[in-house]
Structures are given as structure tokens and as C-alpha cells.
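Structure assessment
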Amino acid sequence: MNAADSVLQRSFPTVMVPRREPVGPMTSAGERLLVGENGVFLEISLPWISLVRRVASFTASIPIPYGRVEEHTNLVCGRVPEELIGEFVAMARAAYPNETGSWIVWSTRTRQFRLLPVVILSQSSGSLKYDRPERHDDEVLIIDCHSHGRHPAYFSSTDNEDDKHDIKFSLVVGNCAAHVPSFAFRLCAKGIFEEVERVPAAWYRISKLAGAV
Ligand SMILES: [Zn+2]
């Protein structure tokens, strides 16, 4: 095969899932497609998360001689401390009525989280333009946070556009002047969006304490 396609296929291989043994683990960080008897699945393996999601089903009931694949998520980095959510809510309140943004990053070396404000290019009560913040080589983005000022928390079409290439969680804090703000939270994995219906109760608790407007 030509060199260009060889490189592409090595960077994003397709694996036939065996029936009589588990599929071998990925040997390095990246992505691959798994073809099983129950569809085609995207597998992503990063230092902080690994997951498998179905991205296609067979439209005909042809017998596929491969094994079954189950969707799963393994959050290697563990739970994000709610104190950092509280810190971001305080930032969102301080910026009110303008929008603001921040990243929660995790160090693969120290396994610690920290909040890192984004580099704001322009901000208003209805928009935010920013550059990615500088981080250490061992730090990876876990939660991309932004606020919606006086508006409720939800994912706008701009947010969908911004989030479609990344693998991260995305958090919106809305109603920033309220005693308890609103939250929208989702997992983003290369265009797959999975919104979490209920954020942890601790996030609401800590928000009440986080800097009134
Ligand atoms: Zn938004």
C-alpha cells in the first residue's frame, strides 16, 4: 500500500474482535475501530480516560463471525474535586454579566488537578472568544468550563461546534447571579456528546458558598 494510507491506517486501525478471547488492549494512546458481531465501535485510550462507544450498527442481519463488544468508560484520573468547580463558579460570578472560561487540567505525573483560566480574547454577556491556556507538558484537559452570565446553562450550537473535535468533559455554568447557578455537563468524544442529566449534588452545595455577585 502507498505510504500515506499506511500511516493513516496505522494511526487509526480497525480490529476484528475475536469470539473466544478478549480483544487485545491498545498498546499506545489513540483511537481504533472495533468491528464486532453487534456493530462498529470507537475505542479511545488516553492517559486519563478510556472508553468504547458504538458508532454504527449493521443495517442487514448478516452473520458476522466476530465477538460481542460492550460499551464502557474508565475514568483513569478519578473524580474531579468539587473545590475546583466552586473556584470556577466564583470566577463566573466575578465576570458576571460577562462570560468567562477556564480549564480543569490533570497531571499525568503528579495525578493532581488544577484550574487554569483561559486566555480571553474578547468577552461579553453573550459570547466568549479565547485561546487555550498554557499548561505543563504532563497536563491534560479534563473539563472545559465556560459561563453563560445571566442566561441558563445549556449547550448552544456554538458550543457544539467548539466541542466536536475534542475528547473532554464540557461544563457550562448559567444563571451566575443566582444563589444556586444552573449547570450543563457532558462528555465529548470526537463528536459523540453525552449530556449528564444530574451533576453531583456537591457542585450545587459548593456553589452556594462561591462568591456572591
Ligand atoms: Zn455556551
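Residues numbered from 1 in each chain as written. Predicted model: local features only at pLDDT ≥ 70, side-chain atom pairs only at ≥ 80, totals over all residues. Heavy atoms only, no water.

Looking at helix H4 (residues 201–209)
Quick reminder: α-helices carry 3.6 residues per turn. Residues three or four places apart thus point the same way. What H4 keeps buried is the set Ala202, Trp203, Ile206 and Ser207. Each buried residue of H4 lies within a common arc of 135° when the element is viewed along its axis, so the set occupies one face. For H4, the exposed residues lying more than 90 degrees away from the buried face are Ala201 and Arg205. Contacts from the buried residues of H4 go to helix H2 (82–95), strand S11 (167–174) and strand S12 (182–189). (Buried < 20%, exposed > 50% of the residue type's maximum accessible area, 1.4 Å probe, protein only. Helix = DSSP H or I, 4+ residues; strand = E, 2+ residues; numbered from the N terminus. Arc of directions from axis to C-beta. Contact = heavy atoms within 4.5 Å.)

Overview of the coordination of the zinc ion
Taken together, His146 (NE2), His148 (NE2), Asp159 (OD) and Asp159 (OD) make up the protein donors of the zinc ion, found 2.0 to 2.6 Å from the metal. Relative to the metal, the four donor atoms surrounding the zinc ion lie at angles of 53 to 171°, and the coordination shape comes out irregular. Mapping the donors of the zinc ion onto the primary sequence yields the spacing H-x1-H-x10-D. Residue histidine 146 shares its accessibility class with histidine 148, and that shared class is buried. (Donors = N, O, S within 2.8 Å, 3.2 Å for Na, K, Ca; no water. Tetrahedral: all angles 85-135°; square planar, octahedral: opposite > 155°, others 65-115°.)

Re the sheet that holds strand S5 (residues 72–75)
Read from one edge to the other, the open sheet built from five strands follows the order S1-S2-S3-S4-S5, with strand pairing classed as mixed. Either end of the sheet is taken by a strand with one partner, and the two such strands are strand S1 (14–16) and S5. The sheet shows a mean angle of 25° between the axes of neighbouring strands, direction not considered. With seven bridges connecting them, strand S2 (residues 30–36) and strand S3 (residues 39–45) associate as antiparallel partners. Considered in S3, the bridge of leucine 33 is made with leucine 42. (Pairing = 2+ DSSP bridges. Axes fitted to C-alpha atoms, helices over the stretch in contact; angles between N-to-C directions.)

Topic: the pairing of strand S8 (residues 119–123)
Two strands pair when backbone bridges link them, and S8 and strand S9 (residues 128–131) are joined in this way by four bridges, in the antiparallel orientation. Each residue of the ladder has a partner; that of valine 119, found in S9, is aspartate 131.

Remarks on the packing of H2 against H4
Close contact between H2 and H4 brings their axes to 9 Å; oriented N to C, the two are set at 45°. Judged by the angle between their axes, H2 and H4 are oblique. In the packing of H2 onto H4, the handedness of the crossing is right-handed. The segment H2 lies against H4, with Glu82, Glu83, Ile85, Gly86, Val89 and Arg93 engaging Ala202, Trp203, Ile206 and Ser207. For the contact of H2 with H4, a count of residues per class yields five nonpolar, two polar and three charged. (Parallel < 35°, antiparallel > 145°, perpendicular 65-115°, else oblique. Left-handed = near helix turned anticlockwise from the far one by under 90°. Nonpolar A, V, L, I, M, F, W, Y, C, P; charged D, E, K, R; others polar.)

Overview of the domain arrangement of the protein
Here the protein is described as being made up of domain 1 (3–75) and domain 2 (82–209). Each of domain 1 and domain 2 has a C-alpha centre, and these two points are 30 Å apart. Contact with domain 1, which involves eleven residues of that partner, is made by 13 residues of domain 2. Both sides of the domain 1 and domain 2 interface together cover about 940 Å² of buried area, and 81% of this is carbon and sulfur. With its nearest N and O atoms 2.5 Å apart, the salt bridge here joins arginine 53 to glutamate 194. Of all the secondary-structure elements, those providing two or more residues to the side of domain 1 that touches domain 2 are S3 and strand S4 (49–56). (Domains from an automatic or database assignment. Buried area = accessible area lost by both parts, 1.4 Å probe. Salt bridge = Lys/Arg side-chain N within 4 Å of Asp/Glu carboxyl O.)

Describing the layout of surface pockets
For the largest pocket, the calculated volume is near 360 Å³. Every residue lining the largest pocket is counted, 18 residues in all, and those nearest its centre are Glu99, His146, Ser156, Thr158 and Asp159. Of all the elements in the fold, those that place two or more residues in the lining of the largest pocket are S9, strand S10 (139–147), helix H3 (157–163) and S11. No other element matches H3, which puts four residues into the lining of the largest pocket. Across the lining of the largest pocket, the residue classes break down as three nonpolar, eight polar and seven charged. If you add up the space inside the second largest pocket, you get close to 240 Å³. (1 Å grid on protein atoms, 1.4 Å probe; cavity = no way out; pocket = protein on both sides within 12 Å on 5 of 7 lines; lining within 4 Å. Points joined across faces, edges and corners; volume = space filled by probe spheres on them.)

What to know about the side chain of lysine 168
Along the chain, lysine 168 turns up in strand S11. Judged by its relative accessible area of 1%, lysine 168 falls in the buried class. Ignoring any residue separated from it by four or fewer positions in sequence, one finds lysine 168 in contact with Trp48, Leu141, Ile142, Asp144, Asp162, Asp163, Arg186, Leu187 and Cys188.

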